[in-house]
Amino acid sequence: MSYVHIRHKRQTPVGQIELPIACIGWMIYAIALVIRVAVIFMSIAPQLQDNEAYGPNMLRVILAATAVVFLLFVVSHHDAEPNSTRQAYISYLTGGVTMDLFDSIILLDVLFTLESHVPLPFAFSKAILSFSCINYFLPAVTLLALGSSHYGRKSVPAHMKTVHTLLYLLLVNAPYTIIRIYLWHVYYKDISVFLIKNIMMLYVSLRSIRLHYLNSHADWPIDDTELDMISPVTRIRGRVSVDTNGHPQL
C-alpha cells in the first residue's frame, strides 16, 4: 500500500487535496489501543507485580511499541531523500510526537499501585488515565499536518501549525506538568525528568504561538532571530514596519 501511495503522491499536484490515509489509519489504531489501555488500567494494572511474566515491565514495552507503530506510519507514506530538507522537516515533527508517547507511558507508571505505593483518589487516577489516552489520538493531527504539506514538499498551513501547537500545549504538556508537580508535593512521588521536558515544551509552544500572532499582524513575516530585535512599542501595536530591504524596523 505504501508503494502505491507514494507513486500516487508523485503524480499528484502539490496544491491538490488528497485523502489523509495515514491520519484515518492512526485514528482506527488509536481507538482500539485506548479501549484496551482503559480496560487494563481500570481493572488489571493496579494488581500487577514486578515478579510476574506479564507484569508492569511487559506492559510498558507493549505500550512503548506505539511509538514504533507511529514511525512506521510516517516512513511508509513518504520517500524523502536521506539528509534532505524534507527528511529533516519530517524528523522534526515526528521526533516530538514519539517523546510525547513515551511521556504518557511514564505518567501511567503511578497507576501501578503495588509498585508505586501511591494510593490515589479515584478522580485523580482517572484524570491521569484520561490525559494519557488523549495523547494517543494526537499523532493523527501530526499525520494530518504532514499530509497537508505533502510530507515536506510545501509548508504546513499556519492555522494547522497553531492548532497542532495548542493541542499539545493544552492536552499534554500543561496537564502533565500540573499532575507531576501535584504528585511531587502532595504524595512525595519521585520526580520524573520528563517534568523538565514538559516545562521546556510549554515555553517553546507559547513562544511559537506568540511568533505566529506577530507574523499574522506583520507587514513582513519574521523569524525567531528577528523577533527579539523588534521594539516593545512595535509589539504592543501589533504591526511590524519594514525598511526598503524588507527587514523589520526597530
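Please read all numbers here as calculations on a predicted model, not as lab measurements.

Let's shift gears to the overall build of the protein chain. What the protein chain contains, in helices and strands, is 11 helices and 0 strands. Each helix (α) and strand (β) of the protein chain, taken in turn from the N terminus, gives the series α-α-α-α-α-α-α-α-α-α-α. In the protein chain, buried positions account for 42% of the 250 residues. Within the protein chain, contacts between residues separated by at least 24 positions form 65% of all contacts whose residues are at least 6 apart in sequence. Accessible surface, the protein chain: about 14,000 Å² in total, of which carbon and sulfur atoms supply 68%.

Taken together, I31, I35 and V39 make up a surface patch of nonpolar side chains, about 260 Å² in accessible area. Tracing the backbone through its elements, the reader meets V39 in helix 2 (residues 21–43).

One broad rule of soluble globular proteins: the nonpolar side chains tend to lie buried together. Of all hydrophobic cores here, the largest spans 43 residues; its most connected members are F41, L63, L111, L120, I128, Y136 and L143. Sorting the residues of this core by element identifies helix 2, helix 3 (56–75), helix 4 (85–108), helix 6 (122–135), helix 7 (139–148) and helix 8 (158–186) as the ones contributing at least two each. Ranked by the residues each element gives to this core, the list is headed by helix 2, at 8 residues.

What follows covers helix 8. The end-to-end C-alpha distance of helix 8, which contains 29 residues, comes to 40 Å, matching closely the 42 Å that a straight helix rising 1.5 Å per residue would cover. Maximum bend of helix 8: about 40°, positioned at L169. Of the residues trailing helix 8, Y188 is marked for its positive phi of about 55°.

Assignment of secondary structure puts T113 in helix 5 (residues 113–116). Along the sequence, T113 and Q49 sit 64 residues apart, while their C-alpha atoms lie 9.2 Å from each other.

A few words now on the environment of F70. Following the sequence through the fold, F70 ends up in helix 3. Separated by 44 residues in the primary sequence, F70 and W26 have C-alpha atoms spaced 7.9 Å apart.

To characterise two packed helices, one gives the angle between the axes of the helices and the distance between these axes. As a packed pair, helix 4 and helix 7 sit with axes 10 Å apart at the nearest point and diverge in direction by 175°. One way to sum up the angle between helix 4 and helix 7 is to call them roughly antiparallel. Here Y89, I90, L93, T94, V97 and L101 of helix 4 come into contact with helix 7, specifically with P139, T142 and L146. Its residues assigned to classes, the contact of helix 4 with helix 7 comprises 7 nonpolar, 2 polar and no charged.

Attention now goes to the side chain of T66. For T66, the location among the structural elements is in helix 3. Beyond its immediate sequence surroundings of up to four residues, T66 is in contact with W26, Y29, L33, L101 and Y136.

As a further point, take the side chain of S132. Along the chain, S132 falls in helix 6. Relative accessible area serves as the criterion here: at 0%, S132 is assigned to the buried category. Excluding residues that lie within four positions of it along the chain, S132 makes contacts with S104, L107, L108 and Y176.

Pairing is possible between side chains of opposite charge, provided their charged atoms come close. Taken as a whole and judged by the stated rule, the model has 4 salt bridges. Salt-bridge contacts for K197 lead to D100; the nearest nitrogen and oxygen are separated by 2.3 Å. Of this pair, K197 sits in helix 9 (residues 194–216) while D100 sits in helix 4; the two residues are 97 residues apart in sequence, bridging distant segments of the chain. Classification of D100 as buried rests on a relative accessible area of 7%. Of the charged contacts, one joins D103 and K197 as a salt bridge, the two residues approaching to 3.2 Å between their closest N and O atoms. One end of the pair, D103, is in helix 4; the other, K197, is in helix 9, and 94 residues separate them in sequence. Here D103 and K197 have matching classes, each one buried. Members of the salt-bridge network, linked through shared partners, are D100, D103, R180 and K197.

What counts as what
Residues numbered from 1 in each chain as written. Predicted model: local features only at pLDDT ≥ 70, side-chain atom pairs only at ≥ 80, totals over all residues. Heavy atoms only, no water. Helix = DSSP H or I, 4+ residues; strand = E, 2+ residues; numbered from the N terminus. Buried < 20%, exposed > 50% of the residue type's maximum accessible area, 1.4 Å probe, protein only. Contact = heavy atoms within 4.5 Å. Areas by Shrake-Rupley, 256 points an atom, 1.4 Å probe, with all protein chains shown as cover. Patch = residues over 30% accessible without salt bridge, like charges linked within 9 Å, V, L, I, M, F, W, Y side chains within 5 Å. Salt bridge = Lys/Arg side-chain N within 4 Å of Asp/Glu carboxyl O. Core = buried A, V, L, I, M, F, W, Y, C linked by side-chain atoms within 4.5 Å. Expected span 1.5 Å × (residues − 1). Bend = angle between axes of the 7 residues up to and from the residue. Axes fitted to C-alpha atoms, helices over the stretch in contact; angles between N-to-C directions. Parallel < 35°, antiparallel > 145°, perpendicular 65-115°, else oblique. Nonpolar A, V, L, I, M, F, W, Y, C, P; charged D, E, K, R; others polar.

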